Amino acid sequence: MDRETEGTLLALIVLILLGLEPVVIKANPVNPFAFASLSALIASLILWPVILLSGRAREIREKPAELRRAFLTGLFATAIAYSLFSYGTRLSTAINSAILTRFEVFYSFLISWLLLRERITGRAVASALALIAGVFLVVAQGKRLEILRGDVLLLLTPLFWQLGHAIAKRTDYNPLTIATLRNTFGGLLLLIPAVATGFAFTKLALAEGLIIALTQSLWYLAIARINLSKATAILTPAPALTALVSIALLGERVTLYHLAGLALITLGTLAISREEGGVRE
């Protein structure tokens, strides 16, 4: 099997996992803080043997100064982001969760422009507007716009993912080491509010921990084999898979506004993913 085929298959597995994740979170019966903390710690327990057996853990001892950035990645991308993700999904729907968190590509574009001084093109602006219009359709559902707390939390989730990613990009560790430390620090930080609000165990946290570990690991393996824009394009139908599973298992309803919003978000995502990087003068 050639590398292109391997990368495509890995990205398809990530697509399936991302489609299932909002349904798993929505079905969670316990405190969202406890669920998020336990899921992250389980993910870290899965990833630690990988970096230990591969010898990658040595870089932690060799570059201890990078631990600060790894901690901040865990704070933003796991502790804060997964708290928002878990609470937002509980207060909203799995379908809204899957669609609204695809807004991540907009934050990625915005942070790259503001912090990395990458050029902004007319096509990028049009793509961003398509994303915003898609989010508006999903949230408003053809009615007067009401700001629902769950949807606001879901829209904030990818912002903190991207802040964590921006720090991770400046961290001189292997991506799998970063993923391991991110979940370790994030899970431990989440233990504090989890215990304060009532820690509880659920088998779904095991499933979510496995999803987190696999999606992070397989994504890095996929983009090492295929073009990033192709990998991003493969992931864009994830909300459609979430919708199918949510209808079957949770009895949720898909509206025309969901479909129209998903179409605009998908088009905007695909267009932005094909933008070529460049630094502003």
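The protein is annotated in an unreviewed UniProt entry as Transcription regulatory membrane protein, HTH-AraC family from Thermococcus gammatolerans. What UniProt states about the protein under its Subcellular location (unreviewed entry) heading is, verbatim, "Cell membrane".

Comments concerning the pattern of salt bridges
If you walk through the whole model with that rule in mind, you get three salt bridges. The shortest N-O distance in the salt bridge between Arg 225 and Glu 6 comes to 3.0 Å. Of this pair, Arg 225 sits in the loop between helix 10 (203–223) and helix 11 (228–235) while Glu 6 sits in helix 1 (residues 3–27), and the two are 219 residues apart along the sequence. Among the salt bridges present, the one from Lys 63 reaches Asp 172, with a minimum N-O distance of 3.2 Å. Of this pair, Lys 63 sits in the loop between helix 3 (58–62) and helix 4 (67–91) while Asp 172 is found in the loop between helix 8 (149–169) and helix 9 (175–197), placing the two residues 109 residues apart along the sequence.

Quick notes on empty space enclosed by the protein
On inspection of all chains with the given rule, the structure shows two cavities of 30 Å³ or more. Considering only enclosed or pocket space, the second largest cavity measures out at about 40 Å³ in volume. What lines the second largest cavity is simply Ile 25, Phe 35, Ala 36, Ser 39, Ala 40, Tyr 82, Ser 86, Glu 208 and Ile 212. When residues of the lining of the second largest cavity are traced back to their parent elements, those giving at least two are helix 2 (32–54), helix 4 and helix 10. Looking at which element gives the most residues to the lining of the second largest cavity, the answer is helix 2, with four residues. A per-class count over the lining of the second largest cavity returns six nonpolar, two polar and one charged.

Observations regarding helix 9
With 23 residues, helix 9 extends 33 Å from end C-alpha to end C-alpha; this agrees with the ideal 33 Å at 1.5 Å per step. Along its length, helix 9 shows its largest kink, about 30°, at Leu 191, and proline Pro 193 lies within four residues downstream of that point. In this structure Asn 174 caps helix 9, since a side-chain oxygen of it lies 2.8 Å from the backbone nitrogen of Leu 176. Of the residues flanking the end of helix 9, it is Gly 198, one or two places downstream, whose phi is positive at about 110°.

Re the packing of aromatic side chains
Under the definition given, this model contains six aromatic pairs. Taking the centre distance of 5.2 Å and the plane angle of 70° together, the rings of Phe 33 and Tyr 87 count as edge-to-face. Of the two residues, Phe 33 is situated in helix 2 and Tyr 87 in helix 4; the sequence distance between them amounts to 54 residues. With a relative accessible area of 27%, Tyr 87 lands in the partly exposed category. Ring geometry for Phe 85 and Trp 161: centres 5.4 Å apart, planes at 80°, overall edge-to-face. Pair noted here: Phe 85 is in helix 4 and Trp 161 is in helix 8, with a separation of 76 residues, a long-range link. Trp 161 carries the same exposure label as Phe 85, and that label is buried. Taken together, Tyr 82, Phe 85 and Trp 161 form an aromatic cluster joined through their ring pairs.

Looking at the side chain of Thr 101
Mapping Thr 101 onto the fold places it in the loop between helix 5 (94–100) and helix 6 (104–115). In terms of polar contacts, Thr 101 uses its side chain to reach the backbone carbonyl oxygen of Ala 98, at 3.4 Å. The residues touching Thr 101, leaving out its near neighbours within four places in the chain, are Phe 85, Leu 154, Thr 157, Pro 158 and Trp 161.

Things to note about the packing of helix 2 against helix 10
At their nearest, the axes of helix 2 and helix 10 sit 7 Å apart, and the two run at 50° to each other. Considered as vectors, helix 2 and helix 10 are oriented oblique to each other. For the pair helix 2 and helix 10, the crossing hand works out as right-handed. On the side of helix 2, the interface is formed by Phe 35, Leu 38, Ser 39, Ala 40, Ile 42, Ala 43, Ile 46 and Leu 47, while helix 10 contributes Leu 204, Ala 205, Leu 206, Glu 208, Gly 209, Leu 210, Ile 212, Ala 213, Gln 216 and Ser 217. Here the residues of the contact of helix 2 with helix 10 are counted per class, giving 13 nonpolar, four polar and one charged.

Conventions used here
- Counting restarts for each chain, with residues numbered from 1 along the sequence as it is written.
- In keeping with the model being predicted, local features are shown solely for residues with a pLDDT of at least 70 and side-chain atom pairs are shown and tallied solely at 80 or more, while totals for entire chains, interfaces and linings include all residues.
- Side-chain numbers come from the whole structure's heavy atoms, not from hydrogens or water.
- UniProt positions are given in the numbering used here, feature names are shortened, and annotations may be inferred rather than shown by experiment.
- A pair is scored as a salt bridge if a Lys or Arg side-chain nitrogen falls within 4 Å of a carboxyl oxygen belonging to Asp or Glu.
- Secondary structure elements follow DSSP: runs of H or I no shorter than four residues count as helices, runs of E no shorter than two count as strands, and numbering proceeds from the N terminus.
- A cavity, in this analysis, means grid points on a 1 Å lattice covering only the protein atoms where a 1.4 Å probe fits yet has no way out; a pocket is instead an open set bounded by protein on both sides within 12 Å along at least five of seven lines, and a residue lines either one if it has an atom within 4 Å of a point.
- Grid points are joined across faces, edges and corners, and a volume is the space filled by probe spheres set on the points.
- Under this grouping Gly is polar, as are all residues other than the nonpolar Ala, Val, Leu, Ile, Met, Phe, Trp, Tyr, Cys and Pro and the charged Asp, Glu, Lys and Arg.
- In this scheme, a helix's expected span is set at 1.5 Å multiplied by one less than its residue total.
- In this analysis the local bend is the angle between axes fitted, respectively, to the seven residues ending at and the seven residues starting at the residue.
- Polar contact criterion, stated in full: a pair of N or O atoms within 3.5 Å, where within protein one must be able to donate a hydrogen and the other to accept it, and residues adjacent in sequence count only if both atoms are side-chain atoms.
- Here the aromatic set is Phe, Tyr and Trp, taking the six-membered ring for Trp, and pairing holds for ring centres within 6.5 Å; pairs whose planes are under 30 degrees apart are stacked, those over 60 apart are edge-to-face, and all others are tilted.
- For each residue, the accessible area found with a 1.4 Å probe, counting protein chains only, is set against the maximum for its type, and the residue is called buried under 20%, exposed over 50%, and partly exposed in between.
- Here a residue-residue contact requires only that any non-hydrogen atoms of the pair lie within 4.5 Å.
- Here an angle of 0 to 180 degrees is reported between the N-to-C directions of two axes, which are lines fitted to C-alpha atoms, with helices fitted over the stretch in contact.
- The scheme is simple: roughly parallel for angles under 35 degrees, roughly antiparallel for over 145, roughly perpendicular for 65 to 115, oblique for anything else.
- We call a crossing left-handed when the near helix sits turned anticlockwise from the far one by less than a right angle, and right-handed when that turn is clockwise.

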